[in-house]
Amino acid sequence: MSTDFQSARVALGARLRELRAEAGLDGKGVAEVLGWQRSKVSRLENGKQTPSAADLMAWSQAVGRPDMSEELKGRLAGLETQYRSWRRQLAGGHRARQEMGVAETAATQMIRGVEVSRIPGLFQTADYARHAFQANSEFRQTPRDVEEAVRARIRRQDALYERGRLFRFIVWEGALHVLTCPREVMAAQLERLAGLIGLDTVEIGVIPFGAQLRRAPTHGFWIYDQRLVIVETINAEMWLDDEENIALYERAWDWLAEAAVHGPQARRLIARARASLDLT
């Protein structure tokens, strides 16, 4: 799914390639001058990686055009940064974004995630997901392709059973109590979550109320291997692929993981949340 951000990044990469060619350098040559791996040069030129301001300054020096550094940095600032507005992403409904999730999951061996107010999509039941998509469509006033989106989300969960994959998720205990669906749907969802504990590809940690924390769980985020972080806000998603941000979110995940309980302790917290639904 193309975005304004991606299109602008491709255009910036084309400009870098143009400057390199004008200098009479090939990709290998500019990589040697900069002390970079050839793959980084390729990713930048093809719009697969967002350059830093320092990268652009170094590039302009390497191709003998230090006067171009300001233009290049201006282009960087002119990108839609890493923000992908929900208005644009969901213009045709939820299914397309869910298909992107399927593709990103298929390309990833380990996903680490944090959720503070909901059950992670990879662990959701169809009914729980259905209520989430219905509410989101109403809130964002987008086309209601709810059933197609549910099917894509459930299909994405096939990856949970594929050998060699790992899904490490941390859920704040509050997320087990947030009711965005009928109580019986939430009860089934909590049973599903508890049932995944012990699966060799899944690690579920729950941060209990009252746990001592080095950092508050301010919002959810997902880390795909060590190449991408996706953060959701009310109006947009951020897709962060630079080393600095990835390292920052990895540290946030590690700090939150310190306070999480697993196995039988996590199951007890889930059971307590289910009991609080008082379905009798």
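Residues numbered from 1 in each chain as written. Predicted model: local features only at pLDDT ≥ 70, side-chain atom pairs only at ≥ 80, totals over all residues. Heavy atoms only, no water.

**Looking at the pairing of strand S3 (residues 166-172)**
Here comes step 1: Alignment of strand S2 (residues 110-115) against S3, held across 6 bridges, turns out to be parallel. Residue pairing across strands places Glu115 opposite Val171, the latter belonging to S3.
Here comes step 2: Bridging between S3 and strand S4 (residues 202-207) involves 6 bridges; their strand directions are parallel. Residue pairing across strands places Phe169 opposite Ile204, the latter belonging to S4. (Pairing = 2+ DSSP bridges. Helix = DSSP H or I, 4+ residues; strand = E, 2+ residues; numbered from the N terminus.)

**A few points about the side chain of Asp145**
Here comes step 1: Its location among the elements puts Asp145 in the loop between helix H8 (126-140) and helix H9 (146-156).
Here comes step 2: Nearest to the buried, unbridged Asp145 among oppositely charged side chains is Arg95, at 6.4 Å.
Here comes step 3: Ignoring sequence-local partners within four residues, the contact set of Asp145 consists of Gly92, Gly93, His94 and Arg95. (Buried < 20%, exposed > 50% of the residue type's maximum accessible area, 1.4 Å probe, protein only. Lys, Arg positive; Asp, Glu negative; His and termini not counted. Salt bridge = Lys/Arg side-chain N within 4 Å of Asp/Glu carboxyl O. Contact = heavy atoms within 4.5 Å.)

**Some points on the packing of aromatic side chains**
Here comes step 1: In this structure the tally under the stated criterion is 6 aromatic pairs.
Here comes step 2: With 5.2 Å between their ring centres and 70 degrees between their planes, Phe123 and Phe169 make a pair best called edge-to-face. You can see Phe123 sitting in the loop between S2 and H8 and its partner Phe169 sitting in strand S3, a full 46 residues away along the chain.
Here comes step 3: A cation sits over an aromatic face here: Lys40 above Trp36, 4.1 Å from the ring centre.
Here comes step 4: Sitting above the plane of the Trp255 ring, Arg214 keeps its charged end 4.0 Å from the centroid. (Phe/Tyr/Trp six-rings, centres within 6.5 Å; stacked < 30°, edge-to-face > 60°. Lys NZ or Arg CZ within 6 Å of the ring centre and 35° of its normal.)

**Details of unusual backbone geometry**
Here comes step 1: Despite not being glycine, Gln141 shows a phi value in the positive range, around 55 degrees.
Here comes step 2: Checked against the element boundaries, Gln141 lands in the loop between H8 and H9.
Here comes step 3: Taking relative accessible area as the criterion, Gln141 reaches 73% and is therefore assigned exposed.
Here comes step 4: Positive phi, normally seen in glycine, also occurs at Asp278, with a value near 50 degrees.
Here comes step 5: Mapped onto the elements of the fold, Asp278 is located in the segment after helix H12 (263-275).
Here comes step 6: We classify Asp278 as exposed; its relative accessible area is 54%.

**A look at the packing of helix H10 (residues 183-196) against H12**
Here comes step 1: Two numbers describe how H10 lies on H12: the axes approach to 10 Å, and their chain directions differ by 170 degrees. Classified by the interaxial angle, the pair formed by H10 and H12 is roughly antiparallel. Seen from H10, the contacting residues are Ala187, Leu190, Glu191, Leu193 and Ala194; seen from H12, they are Arg267, Ile270, Ala273 and Arg274.
Here comes step 2: In terms of residue class, the contact of H10 with H12 is made up of 6 nonpolar, no polar and 3 charged. (Axes fitted to C-alpha atoms, helices over the stretch in contact; angles between N-to-C directions. Parallel < 35°, antiparallel > 145°, perpendicular 65-115°, else oblique. Nonpolar A, V, L, I, M, F, W, Y, C, P; charged D, E, K, R; others polar.)

**As for the nonpolar core**
Here comes step 1: Ranked by size, the top nonpolar core spans 36 residues in total, and within it Leu122, Phe123 and Leu176 carry the most contacts.
Here comes step 2: Breaking this core down by element, the ones donating at least two residues are S3, H10, S4, strand S5 (221-224), strand S6 (228-232) and H12.
Here comes step 3: The greatest single-element share of this core, amounting to 7 residues, is contributed by H10. (Core = buried A, V, L, I, M, F, W, Y, C linked by side-chain atoms within 4.5 Å.)

**Focus on the pattern of salt bridges**
Here comes step 1: Considering all chains together, one arrives at 21 salt bridges under this definition.
Here comes step 2: Connected through shared salt-bridge partners, Arg15, Glu18 and Glu71 make up one network.

**Remarks on H9**
Here comes step 1: Those residues of H9 lying buried are Val146, Ala149, Val150, Ala152, Arg153 and Arg156. Along the axis of H9, the buried residues cluster in a sector spanning 165 degrees; they form a single face.
Here comes step 2: For H9, the elements touching its buried residues are helix H7 (95-106), H8 and S5. (Arc of directions from axis to C-beta.)

**Examining the side chain of Gln98**
Here comes step 1: Structurally, Gln98 can be placed in helix H7.
Here comes step 2: On the basis of relative accessible area, Gln98 is assigned to the buried category, the value being 7%.
Here comes step 3: Ignoring any residue separated from it by four or fewer positions in sequence, one finds Gln98 in contact with Phe133, Ala149, Ala152 and Arg153.

**A few points about the pairing of strand S7 (residues 236-240)**
Here comes step 1: Most of S7 sits inside the fold, with 5 of its 5 residues counted as buried.
Here comes step 2: Covered by surrounding structure in S7 are Ala236, Met238 and Leu240 together with Glu237 and Trp239, the residues of both alternating faces.
Here comes step 3: Relative to S7, S6 is paired through 4 bridges, and the arrangement is antiparallel. Paired with Ile230 across the strands is Trp239, a residue of S7.
Here comes step 4: Counted between consecutive antiparallel strands, the loop separating S6 from S7 contains 3 residues.

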